[in-house]
Amino acid sequence: RDRLLHVMEHAISLIRREPALTRLVLMELRADANYRQMRIYDLNRRISARVMDVVADGVQMGAVRSGVPMKLIRDMIFGAIEHRTWAYLRGEGDFSVEDSAAGIADVVYAGIAAQAGGETDLDRVVARLEKVAAALAARPGQADSSATP
């Protein structure tokens, strides 16, 4: 989570330092048919790649669940950053780099973090149902629990 926070702070601080360039990219250049051939596109990809490398490292270390689509994680992070900073870019408000990065990192990490011990919500539900079934089967006068309906 800390590494994710750090790279997100860096990405958000670029918006703080370069609001005019950010507005140009978001409002004009991304819609341009040649955007993917522009140097700014390469810069944007490098920033995005740094964030995604941290997430991929988290998967490798077991801190982040595998199977969550990386592009979805990227879109959620950068979509949240864009929305969080939009009023600032329009000259209608302000934002804290640190608070924004921390809030987004907390929410994203909570959604992608691996469960302790590898146990999932489904595993917990199945274990609970098995306990209930065993308790019911152990009650005197109950029908054979192995019988099928």
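Everything below is about the structure printed above this text.
Please read all numbers here as calculations on a predicted model, not as lab measurements. The written sequence of each chain sets the order in which its residues are numbered from 1. Only residues with pLDDT of at least 70 get local features here, since the model is predicted, and only at 80 or more are side-chain atom pairs given and counted; chain-wide, interface and lining totals rely on the full set of residues. For side-chain calculations, the full set of non-hydrogen atoms in the structure is used, while hydrogens and water are omitted.

S.K.: Would you take a moment to explain helix α5 (residues 97-112) for this structure?
M.R.: Think of an α-helix as 3.6 residues a turn; residues three or four steps apart then line up on the same face. The numbering of helices and of strands both runs from the N terminus, where a helix is a DSSP run of H or I of at least 4 residues and a strand a run of E of at least 2. In this analysis, the expected span of each helix is defined as 1.5 Å times one less than the number of residues it contains. A rise of 1.5 Å per residue sets the reference length of α5, with its 16 residues, at 22 Å; its end C-alpha atoms lie 22 Å apart and thus fit the reference within 8%. Considered for burial, the residues of α5 that qualify are V97, S100, A101, I104, A105, V108 and I112. Along the axis of α5, the buried residues cluster in a sector spanning 120°; they form a single face. More than 90 degrees from the buried face of α5, the exposed residues found are D99, V107 and A110. Contact between two residues is taken to exist if any of their heavy atoms lie within 4.5 Å; hydrogens are not considered. On its buried side, α5 packs onto α1 (2-17), α3 (39-61) and α4 (70-89). Per-residue accessibility, obtained with a 1.4 Å probe over protein chains only, is compared with the maximum for each type, and a residue is labelled buried under 20%, exposed over 50%, and partly exposed between these values. This arc describes the spread of directions from the helix axis toward the C-beta atoms.

S.K.: I keep staring at the side chain of S100 and nothing clicks. Help me out?
M.R.: Examined against the element boundaries, S100 turns out to sit in helix α5. Sequence-distant contacts of S100, that is, excluding residues within four places in its chain, are made with I12, R84 and F95.

S.K.: Is there a simple way to think about the nonpolar core in this case?
M.R.: One broad rule of soluble globular proteins: the nonpolar side chains tend to lie buried together. To form a nonpolar core, buried Ala, Val, Leu, Ile, Met, Phe, Trp, Tyr and Cys residues must be joined to one another through side-chain atoms within 4.5 Å. Of all hydrophobic cores here, the largest spans 25 residues; its most connected members are L4, I73 and I77. Mapped by element, the contributors of at least two residues to this core are α1, α3, α4 and α5. Those residues in contact with I73, other than ones at most four positions away along the chain, are M52, V55, V68, V108 and I112. In this structure, V25, L29, Y35 and I40 belong to the second largest nonpolar core, which totals 5 residues.

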